Amino acid sequence: MSSERPEADACDLLCLDLPVAEAIRGGMPPLPGLETAAAAAKALADPTRLTVAAAQAEGGELCVCDLAWVVGQAQNLVSHHLRQLRHAGLAASRRQGRLVMYTLTDRGRALIRAVLDPAPAARPTTNRT
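Keep in mind that this is a model prediction, so the values were computed, not measured. (Residues numbered from 1 in each chain as written. Predicted model: local features only at pLDDT ≥ 70, side-chain atom pairs only at ≥ 80, totals over all residues. Heavy atoms only, no water.)

**Student:** Sorry if this is basic, but what is going on with the sheet that holds strand β1 (residues 62-63) here?
**Tutor:** One key point about sheets: their strands pair by backbone hydrogen bonds, in either a parallel or an antiparallel sense. Ordered by their spatial adjacency, three strands build an open sheet running β1-β3-β2, and the pairing between neighbours is antiparallel. The outermost strands of the open sheet, each flanked by one partner alone, are β1 and β2 (91-96). As judged from the two bridges shared by β1 and strand β3 (residues 99-104), these two strands associate in the antiparallel manner. Its bridge partner lying in β3, L62 is registered against Y102. Sitting on the sheet, helix α5 (residues 75-87) is in contact with β2 and β3, with an inclination near 120° to β2. (Pairing = 2+ DSSP bridges. Helix = DSSP H or I, 4+ residues; strand = E, 2+ residues; numbered from the N terminus. Contact = heavy atoms within 4.5 Å. Axes fitted to C-alpha atoms, helices over the stretch in contact; angles between N-to-C directions.)

**Student:** Sorry if this is basic, but what is going on with the nonpolar core here?
**Tutor:** In globular proteins that are soluble, nonpolar side chains generally tend to be buried together. Ranked by size, the top nonpolar core spans 21 residues in total, and within it L44, V52, L67, V78, L82, L85 and L90 carry the most contacts. Those elements that provide at least two residues to this core are α2 (31-43), α3 (47-59), α4 (64-71), α5 and β3. Once residues within four sequence positions are removed from consideration, L82 is found in contact with V52, Q56, V64, L67 and Y102. (Core = buried A, V, L, I, M, F, W, Y, C linked by side-chain atoms within 4.5 Å. Buried < 20%, exposed > 50% of the residue type's maximum accessible area, 1.4 Å probe, protein only.)

**Student:** Would you take a moment to explain the packing of α4 against α5 for this structure?
**Tutor:** Each pair of packed helices gets described by two things: the angle between the helix axes and the distance between those axes. Taken N-terminus to C-terminus, the directions of α4 and α5 make an angle of 110°; their axes are 9 Å apart at the nearest point. Overall, the two elements α4 and α5 adopt an arrangement that is roughly perpendicular. Residue-level contacts link V64, C65, L67, A68 and V71 of α4 to Q75, V78, S79 and L82 of α5. Looking at the contact of α4 with α5 residue by residue, the class counts come to seven nonpolar, two polar and no charged. (Parallel < 35°, antiparallel > 145°, perpendicular 65-115°, else oblique. Nonpolar A, V, L, I, M, F, W, Y, C, P; charged D, E, K, R; others polar.)

**Student:** Help me understand the environment of V64 in this model?
**Tutor:** Along the polypeptide, V64 turns up in helix α4. Given a relative accessible area of 12%, V64 falls into the buried group. For the pair V64 and Y102, spaced 38 residues apart in the sequence, the C-alpha separation amounts to 7.4 Å.

**Student:** Help me out: how do you make sense of the side chain of R49 in this one?
**Tutor:** Mapping R49 onto the fold places it in helix α3. At 4.5 Å, D46 is the nearest oppositely charged side chain to R49, a buried residue that forms no salt bridge. At 3.2 Å, the side chain of R49 and the backbone oxygen of A43 are in polar contact. Ignoring sequence-local partners within four residues, the contact set of R49 consists of K42, A43, H80, H81, Q84 and L85. (Lys, Arg positive; Asp, Glu negative; His and termini not counted. Salt bridge = Lys/Arg side-chain N within 4 Å of Asp/Glu carboxyl O. Polar contact = N/O pair within 3.5 Å; in protein donor to acceptor, adjacent residues only side chain to side chain.)

**Student:** So what exactly am I meant to see when it comes to the side chain of H81 here?
**Tutor:** Tracing the backbone shows H81 in helix α5. Within the structure, the side chain of H81 is placed 3.0 Å from the side chain of R49, a separation counted as a polar contact. If we ignore the near neighbours within four places in the chain, the residues touching H81 are D46, T48 and R49.

Below, the structure is given as structure tokens:
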């Protein structure tokens, strides 16, 4: 059990640096933009959906059949996850005859890179002697 107090994450006194705080507050994105960003991040919170998106990032434009085989899941499940990615603005689709082809949007590719790229602290370091 931790001996840390719940209040340990809060200041013990009001120490507001008003000019800095006002500058930050003035530069914050409006709520609708934050809601859109949160929905995009939430779309990748599912491990299967993240796997599908990672496969798309690697393969480019792919049909549902190819993606289902790559990720080892049923086509109807992959199709469901692709629909969720499309609704979040992370993927786009187009019909090619009887096939539906999916690709990540620019935003989807950028978010996948951000999510899957290990943080600098998590990268292995080499010791030089």
